[in-house]
Amino acid sequence: MTARSMQEPTFLILTALAAGPQHGYGIITDVLRISAERVRLRAGTLYAALDRLEREGLVEAGQEEVVDGRARRYYRLTSEGESRLAEEAERLRRNAETAASRLRARHPRPALSVALPGGVV
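So, here is what we can say about the structure in this document.

Parameters at a glance
- Residues numbered from 1 in each chain as written.
- Predicted model: local features only at pLDDT ≥ 70, side-chain atom pairs only at ≥ 80, totals over all residues.
- Heavy atoms only, no water.
- Helix = DSSP H or I, 4+ residues; strand = E, 2+ residues; numbered from the N terminus.
- Core = buried A, V, L, I, M, F, W, Y, C linked by side-chain atoms within 4.5 Å.
- Buried < 20%, exposed > 50% of the residue type's maximum accessible area, 1.4 Å probe, protein only.
- Contact = heavy atoms within 4.5 Å.

### Comments concerning unusual backbone geometry
Next, step 1: At Ala 36, a residue that is not glycine, the phi angle is positive and equals roughly 55°.
Next, step 2: On the secondary structure map, Ala 36 appears in the loop between α2 (24–34) and α3 (43–55).
Next, step 3: With a phi close to 65°, Glu 37 is a non-glycine residue in the positive phi region.

### Here's the deal with the environment of Ala 49
Next, step 1: The residue Ala 49 is located in helix α3 in this model.
Next, step 2: Residues Ala 49 and Thr 10, spaced 39 residues apart in sequence, show a C-alpha to C-alpha distance of 7.3 Å.

### Thoughts on the nonpolar core
Next, step 1: In this structure, Ile 13, Leu 14, Leu 17, Ile 27, Val 31 and Leu 50 are the most contacted members of the largest nonpolar core, which totals 21 residues.
Next, step 2: Once residues within four sequence positions are removed from consideration, Leu 17 is found in contact with Gln 22, Ile 27, Leu 50, Val 59, Tyr 75, Arg 76 and Leu 77.

Purely spatial values, then, with no claim about function.
The structure is reproduced here in structure tokens:
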């Protein structure tokens with residue numbers, strides 16, 4: 001049985017953490033960059049998602065440091081999180097490949113003709 005598909009923000013959070021441990025603001029800015037500025041996570045939304053992902057065993061909180069008097073907690077992808085992200089990436093790849101194939105079938109490109117000395121091939 002395969003797991004259900006992920007919501008895009010979850011996929012992007014896990015993708016951000018695939019690069020290595022990050023704190024909340026780092027995840028927010030990375031998700032913004034990865035999504036070409038389409039997905040803007042608010043802090044409350046991110047931390048609620050991180051709490052859920054931690055309960056599901058996909059991420060874990062790790063090192064904490066204090067920067068400018070504020071605690072900064074770093075999150076990392078677990079091996080289960082890495083597996084789920086890989087499964088979802090493959091599912092999305094297959095779906096995109098199917099869509100592209102069907103679109104090409106609807107609008108086939110004309111065969112390429114090459115003009116050579118002595119005729120067209």
